[in-house]
Amino acid sequence: MTATTLEPPVQRTEASAAERLRSTMCATRVSFVWFGTQKTLTRAQKDQAAESFDAQGEFLRAEKKLLDTRNPRFKAVNSVRSQIRSIWEMTSLPYPEPGIRLIRQDMVQTFEGWMEERRQQLQEAVQKLDEDYSSLRDAARVRLGALYNSADYPRTLLGLFDVSWSFPNIEVPPYLRLVNPEVYQAECERVQARFNEAVELAESAFIEELSGLVSHLTERLSGSQDGRAKIFRDTAISNLNEFFDRFRSLNIRSNDQLDSLVSQCQQIVHGVHPQSLRDSAQLRQTVNRELSSVQDLLDELLVDRPRRRIIRSPK
């Protein structure tokens with residue numbers, strides 16, 4: 001496959017892309033209630049700890065760990081939270097307001113189902129963790145010694161871990177037009193600017209993710225290690241295929257160059273199985289060469305592209 005030189009971005013597509021985003025997506029917020037397992041030492045405790053270093057306690061930061069989070073059931077609880085965040089992020093696009101992401105309107109019901117299932121899983125995992133709570137607390141009493149304080153520990157962990165989700169309104173309230181037309185117009189412009197920025201965030205997220213996946217695979221396919229072909233996992237291919245599915249589902253057709261590069265990349269790895277790459281040096285070289293051409297163009301897209309910090313929802 002021959003890669004083409006990138007042309008300057010076509011600005012006319014941004015407004016239409018922002019409108020598509022606005023008309024087909026809705027805002028979501030996912031929030032967690034989570035029992036904290038770290039607690040800052042008191043001033044007296046820090047002063048005592050500082051004495052051994054001939055230091056002043058006010059210049060130290062010190063915390064104690066209330067529970068052993070390596071406990072398998074504690075890990076299971078944290079795993080559910082990770083799954084929830086992953087589902088949310090994998091099925092949504094970033095939005096330039098803290099804790100908000102955009103999902104497709106036709107996916108709301110499915111999203112609700114996913115979240116209800118995961119919330120039930122979380123409650124079940126917390127129930128099992130609570131069965132171990134007494135022993136975890138006893139172990140903490142031994143480990144912490146004089147730092148142990150029974151007041152740090154609630155009677156039960158039930159109700160201290162939870163997840164909730166909502167669909168906040170990010171549009172301008174219609175009544176504002178009657179109350180104050182000037183403020184209404186200013187708010188309309190602000191919301192439009194937010195969606196324009198959301199388009200940029202979505203493009204950047206897709207470009208950076210695809211670039212990372214392609215870069216990883218080409219690095220694994222290139223050269224050798226200790227005289228043998230470098231080892232790579234099947235996920236180097238499956239992660240790309242998952243990206244293509246997600247891109248097809250969430251793409252708002254805002255950047256023709258990105259669309260073209262995704263298509264090229266998909267054609268290159270279409271029908272390519274990990275084991276075939278391991279067995280055939282010629283296939284590795286071909287795929288590596290063609291993906292490297294795509295990587296060069298992705299690098300051009302990344303150069304001088306504004307990098308915006310996406311503020312995530314609280315963990």
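Bringing the sheet that holds strand 5 (residues 101-104) into the picture now. Spatially, 4-5-1-6 is the arrangement adopted by the 4 strands of the open sheet, whose pairing is antiparallel. In this open sheet, the two strands that pair with only one neighbour each are strand 4 (93-94) and strand 6 (161-166). In the sheet, strand 4 pairs with strand 5 via 2 bridges, with the strands oriented antiparallel. Looking at strand 5, one finds that Leu93 is bridged to Leu102.

Under the defined criterion, the tally for this structure stands at 22 salt bridges. Across the pair Asp152 and Lys64 runs a salt bridge, and its minimum N-O distance is 2.8 Å. Of this pair, Asp152 sits in the loop between helix 4 (108-144) and strand 6 while Lys64 is found in strand 3 (residues 63-65), placing the two residues 88 residues apart along the sequence. Residues Asp152 and Lys64 agree in their burial class; the two are buried. A salt bridge links Glu97 to Arg194; the shortest N-O distance between them is 3.4 Å. Taken together, the residues span a long stretch of sequence, with Glu97 in the loop between strand 4 and strand 5 and Arg194 in helix 6 (residues 181-221) at a distance of 97 residues. Linked through salt bridges whose partners overlap, the residues forming this network are Glu97, Glu187, Arg190, Arg194 and Glu197.

Attention now goes to the pairing of strand 5. Where strand 1 (residues 25-34) and strand 5 come together, 4 bridges link them in antiparallel fashion. Bridge assignment links Thr28 to a residue of strand 5, and that residue is Arg101. In sequence, strand 4 turns back onto strand 5 through a hairpin of 6 residues, with Gly99 there showing a positive phi of about 75°.

Rules and cut-offs
Residues numbered from 1 in each chain as written. Predicted model: local features only at pLDDT ≥ 70, side-chain atom pairs only at ≥ 80, totals over all residues. Heavy atoms only, no water. Pairing = 2+ DSSP bridges. Helix = DSSP H or I, 4+ residues; strand = E, 2+ residues; numbered from the N terminus. Salt bridge = Lys/Arg side-chain N within 4 Å of Asp/Glu carboxyl O. Buried < 20%, exposed > 50% of the residue type's maximum accessible area, 1.4 Å probe, protein only.

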